Amino acid sequence: MQRFDISGWLPADTARVLVFEYDADGFLVFAMGSCLGGPDPSIEVRAGLLSADVVRRALAGEVITERLVVSGRLVVVRHRPIWDEDGSVTRVRCAAVDATELAAMLSATALAS
(Lines give C-alpha, C1' and ligand atoms only; values in the text may rest on other atoms or scores of the structure.)
Protein backbone atom coordinates (compact mmCIF):
# COMPACT_ATOMS: atom_id res chain seq x y z
CA MET A 1 0.00 0.00 0.00
CA GLN A 2 1.28 3.44 -0.95
CA ARG A 3 1.71 6.00 1.85
CA PHE A 4 1.22 9.73 1.54
CA ASP A 5 2.72 12.59 3.52
CA ILE A 6 0.12 15.33 3.90
CA SER A 7 2.19 17.48 6.24
CA GLY A 8 2.71 20.90 4.77
CA TRP A 9 -0.35 20.79 2.49
CA LEU A 10 -2.21 23.34 4.60
CA PRO A 11 -1.22 25.25 7.73
CA ALA A 12 -2.46 23.45 10.82
CA ASP A 13 -4.61 26.42 11.87
CA THR A 14 -6.25 26.72 8.44
CA ALA A 15 -7.95 23.36 7.99
CA ARG A 16 -8.09 19.82 9.19
CA VAL A 17 -7.43 17.29 6.44
CA LEU A 18 -8.17 13.58 6.29
CA VAL A 19 -6.82 11.53 3.38
CA PHE A 20 -8.30 8.07 2.88
CA GLU A 21 -8.61 5.40 0.24
CA TYR A 22 -10.96 2.52 -0.44
CA ASP A 23 -10.50 -0.44 -2.76
CA ALA A 24 -12.64 -1.77 -5.62
CA ASP A 25 -14.77 -3.68 -3.10
CA GLY A 26 -15.49 -0.47 -1.15
CA PHE A 27 -13.32 -1.41 1.84
CA LEU A 28 -11.27 1.26 3.59
CA VAL A 29 -7.58 0.45 3.05
CA PHE A 30 -5.85 3.64 4.15
CA ALA A 31 -6.65 6.64 6.35
CA MET A 32 -4.37 9.40 7.63
CA GLY A 33 -4.99 12.73 9.31
CA SER A 34 -8.16 14.15 10.81
CA CYS A 35 -10.89 16.48 9.62
CA LEU A 36 -13.07 16.16 12.72
CA GLY A 37 -10.36 16.26 15.38
CA GLY A 38 -10.66 12.61 16.38
CA PRO A 39 -7.77 10.32 17.32
CA ASP A 40 -8.57 7.58 14.77
CA PRO A 41 -8.98 8.53 11.09
CA SER A 42 -10.73 5.27 10.20
CA ILE A 43 -13.49 6.07 12.71
CA GLU A 44 -13.92 9.50 11.09
CA VAL A 45 -14.41 7.88 7.68
CA ARG A 46 -17.02 5.52 9.11
CA ALA A 47 -18.74 8.39 10.99
CA GLY A 48 -20.47 9.59 7.84
CA LEU A 49 -17.91 10.42 5.17
CA LEU A 50 -18.90 7.48 2.94
CA SER A 51 -22.25 6.40 1.57
CA ALA A 52 -23.02 3.33 -0.52
CA ASP A 53 -24.19 5.55 -3.40
CA VAL A 54 -20.99 7.61 -3.49
CA VAL A 55 -18.82 4.49 -3.31
CA ARG A 56 -20.77 2.94 -6.21
CA ARG A 57 -20.50 6.09 -8.35
CA ALA A 58 -16.79 6.62 -7.64
CA LEU A 59 -16.00 2.97 -8.38
CA ALA A 60 -17.84 3.46 -11.70
CA GLY A 61 -15.27 6.17 -12.53
CA GLU A 62 -17.03 9.36 -11.42
CA VAL A 63 -15.07 12.10 -9.63
CA ILE A 64 -17.28 13.32 -6.79
CA THR A 65 -17.11 16.35 -4.52
CA GLU A 66 -19.56 16.35 -1.63
CA ARG A 67 -20.45 18.82 1.07
CA LEU A 68 -21.57 17.04 4.23
CA VAL A 69 -22.46 18.00 7.76
CA VAL A 70 -20.85 15.50 10.14
CA SER A 71 -20.94 16.00 13.90
CA GLY A 72 -22.03 19.60 13.33
CA ARG A 73 -19.04 20.35 11.08
CA LEU A 74 -19.12 21.24 7.37
CA VAL A 75 -16.87 18.73 5.61
CA VAL A 76 -15.96 18.83 1.92
CA VAL A 77 -14.96 15.40 0.57
CA ARG A 78 -13.43 14.74 -2.86
CA HIS A 79 -13.46 11.16 -4.22
CA ARG A 80 -11.08 10.52 -7.14
CA PRO A 81 -11.00 7.11 -8.86
CA ILE A 82 -7.61 5.52 -9.60
CA TRP A 83 -7.44 3.30 -12.69
CA ASP A 84 -5.01 0.52 -13.52
CA GLU A 85 -3.35 0.05 -16.91
CA ASP A 86 -6.38 -1.94 -18.13
CA GLY A 87 -8.74 0.98 -17.43
CA SER A 88 -10.41 -0.58 -14.39
CA VAL A 89 -10.96 1.42 -11.22
CA THR A 90 -8.86 -0.31 -8.58
CA ARG A 91 -9.34 2.13 -5.72
CA VAL A 92 -10.64 5.58 -4.88
CA ARG A 93 -8.47 8.20 -3.18
CA CYS A 94 -10.24 10.81 -1.07
CA ALA A 95 -9.50 14.01 0.79
CA ALA A 96 -11.85 15.42 3.41
CA VAL A 97 -11.43 18.97 4.70
CA ASP A 98 -13.22 20.62 7.61
CA ALA A 99 -14.56 23.79 5.98
CA THR A 100 -16.67 25.00 8.91
CA GLU A 101 -14.57 28.06 9.79
CA LEU A 102 -14.03 28.99 6.15
CA ALA A 103 -17.78 28.85 5.44
CA ALA A 104 -18.50 31.00 8.51
CA MET A 105 -15.84 33.53 7.48
CA LEU A 106 -17.19 33.74 3.91
CA SER A 107 -20.73 34.09 5.21
CA ALA A 108 -19.72 36.91 7.58
CA THR A 109 -17.83 38.65 4.77
CA ALA A 110 -20.85 38.41 2.45
CA LEU A 111 -23.14 39.84 5.14
CA ALA A 112 -20.75 42.72 5.80
CA SER A 113 -20.64 43.81 2.15
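This text follows the structure it describes.
Residues numbered from 1 in each chain as written. Predicted model: local features only at pLDDT ≥ 70, side-chain atom pairs only at ≥ 80, totals over all residues. Heavy atoms only, no water.

Draft legend 1. Inspection of the overall build of the chain at higher detail. A tally of helices and strands in the chain yields three helices and five strands. Tracing the chain from N to C terminus, the helices and strands come up as β-β-α-α-β-β-β-α. Relative to its full complement of 113 residues, the chain shows a buried share of 33%. Here the contacts in the chain between residues at least 6 apart in sequence split such that 43% fall between residues at least 24 apart. Accessible surface computed for the chain: about 6700 Å², of which carbon and sulfur atoms make up 57%. (Helix = DSSP H or I, 4+ residues; strand = E, 2+ residues; numbered from the N terminus. Buried < 20%, exposed > 50% of the residue type's maximum accessible area, 1.4 Å probe, protein only. Contact = heavy atoms within 4.5 Å. Areas by Shrake-Rupley, 256 points an atom, 1.4 Å probe, with all protein chains shown as cover.)

Draft legend 2. Molecular detail of unusual backbone geometry. The backbone of Ser 71 sits at a positive phi, close to 55°, despite the residue not being glycine. Within the secondary structure layout, Ser 71 lies in the loop between strand E3 (64-70) and strand E4 (73-83).

Draft legend 3. Highlighting the sheet that holds strand E1 (residues 17-23). Within the open sheet, the five strands sit side by side as E2-E1-E5-E4-E3. Their pairing is antiparallel. Two strands lie at the open edges of the sheet, namely strand E2 (28-33) and E3, each paired on one side alone. Taking each pair of neighbouring strands and ignoring which way they run, the sheet shows an average axis angle of 20°. Both E3 and E4 contribute to a ladder of seven bridges, which runs antiparallel. Looking across to E4, one finds that Thr 65 is bridged to Arg 78. Packed onto the sheet, helix H2 (residues 52-59) meets E1, E3, E4 and strand E5 (89-98) and runs at close to 70° relative to E1. (Pairing = 2+ DSSP bridges. Axes fitted to C-alpha atoms, helices over the stretch in contact; angles between N-to-C directions.)

Draft legend 4. Region of interest: the pattern of salt bridges. If you walk through the whole model with that rule in mind, you get seven salt bridges. In this structure, the salt-bridge partner of Asp 98 is Arg 16, at a minimum N-O distance of 4.0 Å. Separated by 82 residues along the polypeptide, Asp 98 in strand E5 and Arg 16 in the segment before E1 bring together distant segments of the chain. A salt bridge links Asp 98 to Arg 73; the nearest nitrogen and oxygen atoms lie 2.9 Å apart. With Asp 98 in strand E5 and Arg 73 in strand E4, this pair connects stretches of sequence that are 25 residues apart. (Salt bridge = Lys/Arg side-chain N within 4 Å of Asp/Glu carboxyl O.)

Draft legend 5. Layout of H2. Within H2, burial applies to Val 54, Val 55 and Ala 58. Considered in projection along H2, the buried side chains sweep an arc of 100° and stay on one side of the axis. Away from the buried face of H2 by more than 90 degrees, exposed residues Ala 52 and Arg 56 are located. If you follow the buried residues of H2, they end up packed against E1, E3, E4 and E5. (Arc of directions from axis to C-beta.)

Draft legend 6. Just a nonpolar patch on the surface, in detail. A surface patch of nonpolar side chains, about 310 Å² in accessible area, is lined by Leu 102, Met 105 and Leu 106. Looking at the secondary structure, you find Met 105 in helix H3 (residues 100-112). (Patch = residues over 30% accessible without salt bridge, like charges linked within 9 Å, V, L, I, M, F, W, Y side chains within 5 Å.)

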